[in-house]
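A structural walkthrough
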Amino acid sequence: MNIAENILKHSLQNVYFLTGTALAGKTTMSKVIAQKYGFVHFNDNWHEDNFKVFRAICDEQHQPHSTKKKQTTDWEAFFGRSVDEFLAANTGRGENDEYIEFAIIELIKLSQNQKIIADVGIPIPLLTQISDHNRIACMLASPEFLTCENYGKREDHKEFLECILSLKEPEKKIAVQDELFRIGAEKTLEEARKYNLYHIIRTSESTIEKTLLLLEEHFGLYSQLNEKQFSPSQK
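Residues numbered from 1 in each chain as written. Predicted model: local features only at pLDDT ≥ 70, side-chain atom pairs only at ≥ 80, totals over all residues. Heavy atoms only, no water.

Scanning the chain from N- to C-terminus turns up 13 helices and five strands. The proportion of buried residues among the 235 residues of the chain is 39%. Excluding contacts between residues fewer than 6 apart, the proportion of contacts in the chain whose partners are at least 24 apart in sequence is 79%. In the structure as shown, the chain presents an accessible area of about 14,000 Å², 52% of it carried by carbon and sulfur atoms. (Helix = DSSP H or I, 4+ residues; strand = E, 2+ residues; numbered from the N terminus. Buried < 20%, exposed > 50% of the residue type's maximum accessible area, 1.4 Å probe, protein only. Contact = heavy atoms within 4.5 Å. Areas by Shrake-Rupley, 256 points an atom, 1.4 Å probe, with all protein chains shown as cover.)

What follows is the structure, encoded as structure tokens:
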């Protein structure tokens, strides 16, 4: 028995998690579910608004990664790296790990008296430790969607693509990012299968309505909607 994991799972029983790749529709479906069921939508934007206290309490001893000022100024060198160099730079414990720890604390506090749909970058292995499988759905995008160009079409990602296009040999740099998307998608799918997670793959035939039906069935949300619409005396 892992008491710590059981405590976390109990504390997060009102939280439903969407994880997966970019361009899979996680944010879109989180918003749809939140609106239909009255859930709170929790995503990485909380980092800017509600996590200001996290930055305020950071210090070199306890949050060494979060206190480091890492601001890229040489984008030519940053995007000029090879696929292997990018992958090597993303290993080990970093700022995001400390952010995730604080995010879990916030989720516990927020979900005590309300339901949460969380679209936040918590790794799959950790998710399976802190939540039950019936409250986790992995959303993936098929290869034709997962490109640097499609990623840059989103309003909140425009600067990413515009920056690359302004550099030397943008085609080569875009090819590197496309390969990173492919590798990341393969790893995510492998993890979803390894941990036996429910997963949905976005294709050209996917729609919001179809995807919502799949998520509602997996999460068992129909019963919750009925409970919300009808009082005990009406049942």
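There is more to say after this.
To continue, consider helix 11 (residues 170-194). Between its terminal C-alpha atoms helix 11 stretches 36 Å, which fits the 36 Å expected from 25 residues at 1.5 Å a residue. Buried within helix 11 we find Pro170, Lys173, Val176, Gln177, Leu180, Phe181, Ala185, Thr188, Leu189 and Ala192. (Expected span 1.5 Å × (residues − 1).)

On average, residues of the chain score 84 in pLDDT, and 80% of them are at 70 or above. In this model, residues 61-69 is a region of pLDDT below 50 whose contacts with residues beyond four sequence positions or in other chains number 19 contacts. Low confidence marks residues 229-235, where pLDDT is under 50. Its contacts with residues over four positions away, or in another chain, come to three contacts. (pLDDT = per-residue confidence, 0-100.)

What follows is about the pairing of strand 1 (residues 15-20). Within strand 1, five of the six residues are buried, which leaves the element mostly enclosed by the surrounding structure. The pairing of strand 1 with strand 3 (residues 116-119) spans three bridges and is classified as parallel. Counted as the bridge partner of Val15 is Ile116 from strand 3. (Pairing = 2+ DSSP bridges.)

This next bit is on the packing of helix 2 (residues 26-37) against helix 12 (residues 208-219). Their axes nearest at 11 Å, the elements helix 2 and helix 12 cross at an angle of 70 degrees. As far as their axial angle goes, helix 12 and helix 2 are roughly perpendicular. Both helix 2 and helix 12 take part in a crossing whose hand is right-handed. Residues Thr28, Met29, Val32, Ile33, Lys36 and Tyr37 of helix 2 form the contact with helix 12, whose participating residues are Ile208, Thr211, Leu212, Leu215 and Glu216. (Axes fitted to C-alpha atoms, helices over the stretch in contact; angles between N-to-C directions. Parallel < 35°, antiparallel > 145°, perpendicular 65-115°, else oblique. Left-handed = near helix turned anticlockwise from the far one by under 90°.)

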